[in-house]
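# What the coordinates show
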Amino acid sequence: DGAIADFNALLHVDPASGSAYLERAGAYTDKGDAARALADVRMAIAVDPKREATYRAYACSIQMQPIGDLSAARGECDAALKLEPHDAYARQVRGLLHLKAGRLDDARADFEAALRRDRRAATALFGRGIVKRRQGDVAGGDADIAAARAIDHEIEAGFARVGLAP
């Protein structure tokens, strides 16, 4: 609540601060208030439409919702990747969206693209581990999941928040 109050004060002074809207969206997301988070991300897009980070944050916010609009999120990820085709974070987010939608081959391709850019991308490792397990490679999946847990001890909780489990 303190962080939200701080961002409210900043936005009162500078209502055109896309970064402040995105940061407040993160605070709302942490509180589990996806509706307010999405409203802030939309405001960030409105005041600063050329920032690819805005697109990625928007896609991430939508996919974090338990009943999010995966199609809209995918569109935002695609837009972000048009701006920055090799961005590991955007690949990870889109991989999550594919995984949530059951498109395992597409998810794996995005996770592997992210890992080519950043071998320690815990989200990509954990996501690829889930994909491998679902595709029958339990040992390979378990290895990826263990590697992701070694990098980020809270990775499983993050996946659980978006409705994904190994």
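Residues numbered from 1 in each chain as written. Predicted model: local features only at pLDDT ≥ 70, side-chain atom pairs only at ≥ 80, totals over all residues. Heavy atoms only, no water.

## Things to note about the environment of L11
What counts, and what does not: Segments assigned H or I by DSSP are reported as helices when at least four residues long, segments assigned E as strands when at least two residues long, and all are numbered from the N terminus. In this analysis, two residues are considered to be in contact whenever any of their non-hydrogen atoms come within 4.5 Å of each other.
Looking at the secondary structure, you find L11 in helix α1 (residues 2–13). Considered as a pair, L11 and R51 are 40 residues apart in the sequence and their alpha carbons are 18 Å apart. Residue contacts for L11: discarding those within four places in its chain leaves S17, A20, Y21 and R24.

## Focus on the confidence of the model for the chain
Test applied: Per-residue confidence from the prediction method is given by pLDDT, with values spanning 0 to 100.
In this model, the chain carries an average pLDDT of 87, and 90% of its residues clear a pLDDT of 70 or more. Per-element confidence in the chain is highest for helix α9 (residues 138–151), whose mean pLDDT is 98, and lowest for helix α4 (residues 52–64), whose mean pLDDT is 65.

## A word on helix α6 (residues 88–101)
Our working rule: Between the first and last residue of a helix there are one fewer steps than residues, each counted as 1.5 Å, and that sum is the expected span. The rule is simple: take the accessible area with a 1.4 Å probe, protein chains only, and divide by the maximum for that residue type; under 20% is buried, over 50% is exposed, in between is partly exposed. Side-chain atoms alone can form a polar contact between residues adjacent in sequence; in general such a contact is a pair of N or O atoms within 3.5 Å, and within protein one must be able to donate a hydrogen while the other accepts it.
Its 14 residues give α6 an end-to-end C-alpha distance of 20 Å, which sits within 8% of 20 Å, the value for a rise of 1.5 Å per residue. In terms of burial, α6 is largely enclosed, as eleven of its 14 residues are buried. Inspection of α6 places A88, A90, R91, Q92, V93, R94, G95, L96, L97, H98 and L99 among the buried residues, and these make up the whole buried set. Among the residues of α6, the N-terminal cap falls to D87, whose side-chain oxygen and the backbone nitrogen of Y89 are separated by 3.1 Å.

## So, the nonpolar core
Stated precisely, the cut-off is as follows: By nonpolar core we mean a set of buried residues, namely Ala, Val, Leu, Ile, Met, Phe, Trp, Tyr and Cys, connected to one another through side-chain atoms within 4.5 Å.
In this structure, L99, F111, F126 and F159 are the most contacted members of the largest nonpolar core, which totals 21 residues. Mapped onto this core, the elements with two or more residues apiece are α6, α7 (104–117), α8 (122–134), α9 and α10 (155–161). The dominant element in this core, judged by the number of residues it contributes, is α8, at six residues. Filtering out sequence-adjacent residues up to four positions away, L99 remains in contact with L104, A107, F111, G127, I130, V131, R134, F159 and L164. I4, A20, Y21 and A27 belong to the second-largest nonpolar core, a separate cluster that totals twelve residues.

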